[in-house]
Structure formats: C-alpha cells, structure tokens
Amino acid sequence: MKTSEAIMAFSQSEKIKAGLIMTAGSLELLGHLQEEEKRGAVRVIGMDLSMLGHEVDLAKRVTSHAEWDEVERHLNKALVMLDSGIGEEAMIHLSRALSQVTNIGQQAMAYLKEKALL
C-alpha cells in the first residue's frame, strides 16, 4: 500500500461510515412513518444509498483495497431491498458494508501509524 492510497482509504472510509450510519438510522425510522411519508423517505434513502455508491466507486479508483467490491455489493443489495418495499430488511446489508468499511479504515490507519503519519 502506498501512503497516498492509505490516506485516501482512511478518508473515504470515514466518510462512507458516517453515511452508512446515517442511512441505517433513516431505515430504522421507516416503520414508524405513515404510508405517504414512507414513500418520500424511501426515495431519499435510495438517493443516499446511491450517493454512498458513488463514494465507494471513488474509493475503488483511488485505493487498492479489493474489499470495496464487497461494500459495493452490500450497498446494491440494500438498494434492491429498499426498491422491493422491504427497506427495513436492508439493514443487514448496511451492517455488513459498515463492517467492511471499518476494516478498510483500520488497515489504512495501521499503515499510517506504522509510517508515523497518524
């Protein structure tokens, strides 16, 4: 791993983790909304997942972590579940994506600490 890749991986992982946590919180609220509110919330959550997908795509381009492919796969599954009307069930895929992103961030942080850059 190169230093520039580690910096980008760490940065992207923190940004994506925050987005995943926010989106998971929104998914938890879906069950408490009225039907018309739920439709709007599903559209917003779908846009959030799409934006996170773009961030993952950027991370894949600027780092060498193969784990980003797994993150992308979990985000896509969550989006399919949301579009299928079972958005609350997408939580498991967001949790798995969060775990993968956390691993990437920890690896990058360990590298940067080893190089005395963090």
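Just above sits the structure.
A quick note: this is a predicted structure, and the numbers were derived from the prediction, not measured.

Undergrad: Can you break down unusual backbone geometry residue by residue, with the values?
TA: Its identity as a non-glycine residue notwithstanding, alanine 116 has a phi of 60 degrees, on the positive side. With respect to the helices and strands, alanine 116 occurs in the segment after α4 (91–114). Owing to a relative accessible area of 66%, alanine 116 belongs among the exposed residues under this scheme.

Undergrad: Please set out helix α2 (residues 35–62) residue by residue, giving values where relevant.
TA: Think of an α-helix as 3.6 residues a turn; residues three or four steps apart then line up on the same face. Between its first and last C-alpha, α2 extends 41 Å over 28 residues, near the 40 Å set by a 1.5 Å rise per residue. Taken as a whole, α2 has its buried residues at Ala41, Ile45, Gly46, Asp48, Leu49, Leu52, Gly53, Val56 and Ala59. Buried-residue contacts for α2 involve α1 (3–30), α3 (67–83) and α4.

Undergrad: Any details on the pattern of salt bridges? Residues and values, ideally.
TA: Note on pairing: side chains with opposite charge can pair once their charged atoms come close. Under the defined criterion, the tally for this structure stands at six salt bridges. Taking the shortest distance from any N to any O, the salt bridge between lysine 17 and glutamate 14 comes out at 3.0 Å. In this pair, lysine 17 and glutamate 14 both sit in helix α1, three residues apart, roughly one turn of the helix. Across the pair glutamate 72 and lysine 60 runs a salt bridge, and its minimum N-O distance is 2.7 Å. Remark: lysine 60 occurs in helix α2 and glutamate 72 occurs in helix α3; sequence separation between them is twelve residues. The exposure class assigned to glutamate 72 is partly exposed, which follows from its relative accessible area of 25%.

Undergrad: Kindly report on the side chain of aspartate 48, identifying the contributing residues and their values.
TA: Position of aspartate 48 relative to the elements: it lies in helix α2. Of the buried charged residues, aspartate 48 lacks a salt bridge, with arginine 43 as the closest side chain of opposite charge at 12 Å. If near-sequence neighbours (up to four positions away) are discounted, aspartate 48 is found in contact with Met22 and Thr23.

Undergrad: I'd like to hear about a nonpolar patch on the surface, residue by residue, with values.
TA: Residues Val44, Met47 and Met51 make up a contiguous nonpolar surface patch of about 290 Å² in total accessible area. If you trace the backbone, methionine 47 turns up in helix α2.

Undergrad: A description of the side chain of threonine 63 should follow, citing residues and the corresponding values.
TA: Structurally, the position occupied by threonine 63 is in the loop between α2 and α3. Within the structure, the side chain of threonine 63 is placed 2.7 Å from the backbone oxygen of alanine 59, a separation counted as a polar contact. For threonine 63, the contacting residues outside a window of four places in its chain are Glu5, Met8, Ala9 and Trp68.

Undergrad: Provide a residue-level description of the environment of glycine 46, including the pertinent values.
TA: Here glycine 46 lies in helix α2. On the basis of relative accessibility, which here comes to 15%, the residue glycine 46 falls in the buried class. A C-alpha to C-alpha distance of 9.1 Å links glycine 46 and alanine 78, two positions 32 residues apart in sequence.

Calculation rules
Residues numbered from 1 in each chain as written. Predicted model: local features only at pLDDT ≥ 70, side-chain atom pairs only at ≥ 80, totals over all residues. Heavy atoms only, no water. Helix = DSSP H or I, 4+ residues; strand = E, 2+ residues; numbered from the N terminus. Buried < 20%, exposed > 50% of the residue type's maximum accessible area, 1.4 Å probe, protein only. Expected span 1.5 Å × (residues − 1). Contact = heavy atoms within 4.5 Å. Salt bridge = Lys/Arg side-chain N within 4 Å of Asp/Glu carboxyl O. Lys, Arg positive; Asp, Glu negative; His and termini not counted. Patch = residues over 30% accessible without salt bridge, like charges linked within 9 Å, V, L, I, M, F, W, Y side chains within 5 Å. Areas by Shrake-Rupley, 256 points an atom, 1.4 Å probe, with all protein chains shown as cover. Polar contact = N/O pair within 3.5 Å; in protein donor to acceptor, adjacent residues only side chain to side chain.

Any link to function would need more than the numbers given here.
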